[in-house]
Amino acid sequence: MRTTKSNGLGWLFASPYLIYAIIFFAIPLVWSLYLSATDWDLISPEINFEGISNYIKALQSPGVQAAFFVTFKFMAVFVPLVIVSSIIVAAIIHGLPKFKGIFLIGFFLPYLASGVVSSLIVKGLLSYNSPVNAFLRTKLGLDIDWLGSPFSALCVVAVIIAWKFTGYYALILTSGFESINSEIYEAAAIDGVSPWQRFWKITLPLLYPAIYTVLILSIGVTFGIFTEVYQLTGGGPNYATNTWQMEIFTQAFKNLQAGYASAVAIIASVVTFISIFVIRKLLEMWGKRNGWV
Amino acid sequence: MNRALKKGASLLFAATMAVSVLSGCGNKGTEQGAGNDGVTTIEFWAAPNPTQQVYWEAVAKEFEKENPEIKVNVSAIKESPSSEASIQSAIAGKSAPTMSENINRGFAAQLAESKALVPLNELEGWDEIVSARHMTETVKGWTFADGNQYVLPIYSNPMLFGWRLDILKELGVNEPPKTYSEMLDVAKKLKEKYPEKYVWAKADLADPTAWKRWFDFFMLYDAASEGNNFIEGNNFVADDKAGINVLTFIDNLRKEDALLAKQVTDPFETGLGIFTDIGPWTFTYWAEKFPEMKYGETFTLAAPPVPDGMSTENVKTFADTKGLVIYASATDEQKKAAMEFMKWIYSDPKNDLEWLEKTSLPPARDDLATNEAFTTFFEKNPVLQPYAEAVPNAIPSIDNAKYNELQTYIGQHAVNPVVKGEVDPEKGWNEMKKAIEGDLK
């Protein structure tokens, strides 16, 4: 039976997290909500209450509209890319006879690499006069404006982030692969199941929990893209890579409109929450319909 | 473990965690103001650039020797996420320094509008500084829309264009083109001899980032309009004819296939492009990385090209110029001490000479090209002489608090689409004007 004393002890143990959550989550959230209804720039002694005008302005802004669509465009390129590549990496590592850990670490390293550094390296590689482009121009007659055309700029950023996250997601998927009992495959082999059927009927259903996790994580990533975009394209060309974080940064730290940036941040949070909720539900329905969960 | 001990341990653990979390939130801040010993401490934030930091540390020490009642703590402005944002956060967090450098006119306008800066002309000693430093003419361009002076310009760097002299000579051209038609003629000759080369290879031409317009559009616009203002207070006052001329010129270069607006590594140094904007900071970099770049041999410097028929003498250009400000949050003693520090530095040209030697950035003085204190320096560094001579023709950036958005429109609606051939110059200019006027309302 629970007693007042044991409840008190529970609260006591939970208090560090609660204090942390209040200071670093609740207070900033309330503060941000308040700021979003003002025109404050953080430094002016005058704070004018603006009501919902920042939200209306944000919804009409080309930067915010671009951020909304760009996120889903990133999702359409990045998520399939990272899922397929991490499944391939995980499957290869799972099939290795030994040294799985070492290979996993190798693939995981890009996740630890600085986004700034990797972006700068990519910028150099994609430079007009880089050996890669010189080869494409002279040998294949291809003169690609990698970061200057909307689609390729978006793809470049998506590929860098996919490269960064592949190893991390492969780690999760490898543990998913490892948890599948090999006897199931042996039984399937005896029954003459083809490799394709084995993937669809055994591997995918049993790997579903890990894939589900990776899918949700990767979708979450698309709402937080910043460093690579900031370094490589600055949100351009013509807003083609303008993410939510980029828009918030521009408004808060370049245009010094903290109130308006807060409104954009709140809209971004709501869009993120709703999007992930809907996608999660769709994934669950997909899993249930196939009998995987 | 008995129950009391368990409870005690839990309490201790929770308390430790809570204290740790809370202590992380505390802001120790900086101890400023007059201490008990009568010493006034001022916090000085220097540009996040090692050479400038070294300069300020050295002069602060010298100053303290002669003024023991004032202590100057020099530290660099944090660059993350940007120096402007660091200053903004510091002001919001009530930990702003007494004074800082590295403030451009646009950012100063934002700070002034938020009442975060002290009008320097209202402090005792301002006139003395201006006259002692021989900068009466220079500061005129820094007067803000409300008539106040919020920034003391430290350096006024007239941006110049560099030309690959060696390649020009190969084309049979012995000196840099001065007018648009001369430049288009060079473009034709270049493409004929070297189809793979470009006149202007610069990815920024297709990038709407606000500050990038200082080093392409404003250099050309200031030259074409003879320094006509772009925005005055909340009014768009730009010279339409000059603006459209600039865009048409860029468009003509594009039509000649003389522009390359893609990401390129060192295009001027490798000779892929033969024309580029150059600031004095480039030469230190070249000395280390491209020693083959020799002034008068490989490259030369010139004022921006102007529309045909315009005078090619005393051509105006954009001034990359930044200065010192005193923050409104400082105490009266600190403001006074800050002015003393400024007076001390600028009363002696040797401090400006030291600045010039350390940073290569031309001090914002009217007499830079004529004062004997700098003669030897320029004799030893002839590449910097054209910058000194162009100081009177240098136009600082606009002083509007919304400079970031406004300059972004120039890129988005005019320069970037014209460079890409997506819009004709007149339409681009009018769309830009409409966007700017809409935002200024």
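The rules behind these values
- Residues numbered from 1 in each chain as written.
- Chains lettered and ligands numbered in written order.
- Predicted model: local features only at pLDDT ≥ 70, side-chain atom pairs only at ≥ 80, totals over all residues.
- Heavy atoms only, no water.
- UniProt positions renumbered as here; feature names shortened; annotations may be inferred.
- Helix = DSSP H or I, 4+ residues; strand = E, 2+ residues; numbered from the N terminus.
- Buried < 20%, exposed > 50% of the residue type's maximum accessible area, 1.4 Å probe, protein only.
- Areas by Shrake-Rupley, 256 points an atom, 1.4 Å probe, with all protein chains shown as cover.
- Lys, Arg positive; Asp, Glu negative; His and termini not counted.
- Charge placed at Lys NZ, Arg CZ, Asp CG, Glu CD.
- pLDDT = per-residue confidence, 0-100.
- Axes fitted to C-alpha atoms, helices over the stretch in contact; angles between N-to-C directions.
- Parallel < 35°, antiparallel > 145°, perpendicular 65-115°, else oblique.
- Left-handed = near helix turned anticlockwise from the far one by under 90°.
- Contact = heavy atoms within 4.5 Å.
- Buried area = accessible area lost by both parts, 1.4 Å probe.
- Salt bridge = Lys/Arg side-chain N within 4 Å of Asp/Glu carboxyl O.
- Polar contact = N/O pair within 3.5 Å; in protein donor to acceptor, adjacent residues only side chain to side chain.
- 1 Å grid on protein atoms, 1.4 Å probe; cavity = no way out; pocket = protein on both sides within 12 Å on 5 of 7 lines; lining within 4 Å.
- Points joined across faces, edges and corners; volume = space filled by probe spheres on them.
- Nonpolar A, V, L, I, M, F, W, Y, C, P; charged D, E, K, R; others polar.
- Core = buried A, V, L, I, M, F, W, Y, C linked by side-chain atoms within 4.5 Å.

Under an unreviewed UniProt entry, the name given to chain A is Sugar ABC transporter permease, and the source organism is Metabacillus litoralis. Within the UniProt record for chain A, the comment given under Sequence similarities (unreviewed entry) is "Belongs to the binding-protein-dependent transport system permease family." Reading the Subcellular location (unreviewed entry) entry of the UniProt record for chain A gives the comment "Cell membrane".

Points about the overall build of chain A
Counting secondary structure elements, chain A contains twelve helices and zero strands. Seen in sequence order, chain A has helices and strands lined up from the N terminus as α-α-α-α-α-α-α-α-α-α-α-α. For chain A, buried positions account for 43% of its 293 residues. When the accessible surface of chain A is summed, it comes to about 15,700 Å², and 71% of that surface belongs to carbon and sulfur atoms. Seen as two clouds, the 17 positive and the 13 negative side-chain charges of chain A have centres 8 Å apart.

Focus: the confidence of the model for chain A
Counting all residues, the mean pLDDT for chain A is 90, and 98% of those residues have values of 70 or more. When mean pLDDT is compared element by element in chain A, helix α2 (residues 53-60) of chain A scores highest at 94, while helix α8 (residues 182-190) of chain A scores lowest at 87.

Concerning the packing of α2 of chain A against helix α12 (residues 258-289) of chain A
Residues and elements named next belong to chain A. Two numbers describe how α2 lies on α12: the axes approach to 9 Å, and their chain directions differ by 70°. Taken together, the axis directions place α2 and α12 in an arrangement best described as roughly perpendicular. Judged by the sense of rotation from one axis to the other, the crossing of α2 with α12 is right-handed. Judged by residue contacts, Asn54, Tyr55, Lys57, Ala58 and Leu59 of α2 engage Gly259, Tyr260, Ala263, Val264, Ile266 and Ile267 from α12.

A word on the interface of chain A and chain B
On the side of chain B, 35 residues touch chain A, which itself brings 34 residues to the contact. Surface buried jointly by chain A and chain B totals about 3,100 Å² across both partners, of which 61% is contributed by carbon and sulfur atoms. The largest per-residue losses of area from chain A upon contact with chain B belong to Ile43, Tyr128 and Leu256 of chain A, which jointly make up 21% of the total buried on that side. A salt bridge links Lys115 of chain B to Glu46 of chain A; the nearest nitrogen and oxygen atoms lie 3.7 Å apart. Inspection of the chain A/chain B interface yields twelve residue pairs in polar contact (both at pLDDT 80 or more). Counting residues per element, the ones that place at least two in the side of chain A that touches chain B are α1 (4-35) and α11 (244-254) of chain A.

A look at the UniProt feature "transmembrane region" (unreviewed entry) in chain A
Residue and element names in this part refer to chain A. UniProt marks residues 12-34, 74-96, 103-126, 146-165, 206-226 and 258-279 with the feature "transmembrane region" (unreviewed entry), using the numbering shown here. Within residues 103-126, the helical portion is 88% and the strand portion 0%, while the C-alpha atoms at the span's ends are 28 Å from each other. Taken as a whole, residues 258-279 contains 100% helix and 0% strand, while its terminal C-alpha atoms sit 31 Å from one another.

A closer look at the side chain of Asn148 of chain B
All names here are of chain B. Structurally, Asn148 can be placed in the loop between α6 (136-140) and β5 (152-158). Within the structure, the side chain of Asn148 is placed 3.0 Å from the side chain of Asn121, a separation counted as a polar contact. Non-local contacts of Asn148, meaning those with residues more than four positions away in its chain, are made with Pro119, Asn121, Glu122, Trp142 and Thr143.

Topic: the UniProt feature "domain: ABC transmembrane type-1" (unreviewed entry) in chain A
UniProt feature "domain: ABC transmembrane type-1" (unreviewed entry): in the numbering of this structure it lies at residues 68-279 of chain A. Within the segment residues 68-279 of chain A, helix and strand shares are 79% and 0% respectively, and the terminal C-alpha atoms sit 16 Å apart.

Some words on the confidence of the model for chain B
Residue and element names in this part refer to chain B. Considering every residue of chain B, the mean pLDDT works out to 88; 92% of them sit at 70 or more. Taken as a whole, residues 8-32 scores under 50 in pLDDT and shows 28 contacts with residues more than four places along the chain or in a different chain. The ipTM, which scores confidence in the relative placement of chains, is 0.78 for this predicted complex, and the corresponding pTM is 0.82.

Some points on unusual backbone geometry
Cis geometry is found at the peptide bond from Gly236 of chain A to Pro237 of chain A, where omega equals -5°. Within the element layout of this structure, Pro237 of chain A appears in the loop between α10 (227-232) and α11. The phi angle at Leu256 of chain A is positive, at roughly 50°, despite the residue not being glycine. Unlike most non-glycine residues, Asn314 of chain B shows phi in positive territory, near 45°. You can see Asn314 of chain B is positioned in the loop between β12 (299-302) and β13 (317-326).

Quick notes on empty space enclosed by the protein
Counted according to the given criterion, the structure contains three cavities of 30 Å³ or more. Along the walls of the largest cavity sit Leu126, Ser127, Tyr128, Asn133, Arg137, Asp143, Ile144, Asp145, Trp146 and Leu147 of chain A together with Lys262 and Gln263 of chain B, which together make up its complete lining. Each residue belonging to the lining of the largest cavity can be placed in one class, and the counts come to five nonpolar, three polar and four charged.

What to know about the nonpolar core
Residues and elements named next belong to chain B. Of all hydrophobic cores here, the largest spans 81 residues; its most connected members are Phe230, Trp429 and Ile436. With eight residues, the single largest contributor to this core is helix α17 (residues 403-419). The residues touching Trp429, leaving out its near neighbours within four places in the chain, are Phe217, Tyr221, Phe230, Phe236, Ala238, Asp239, Asp240, Gly243, Ile244 and Leu247.

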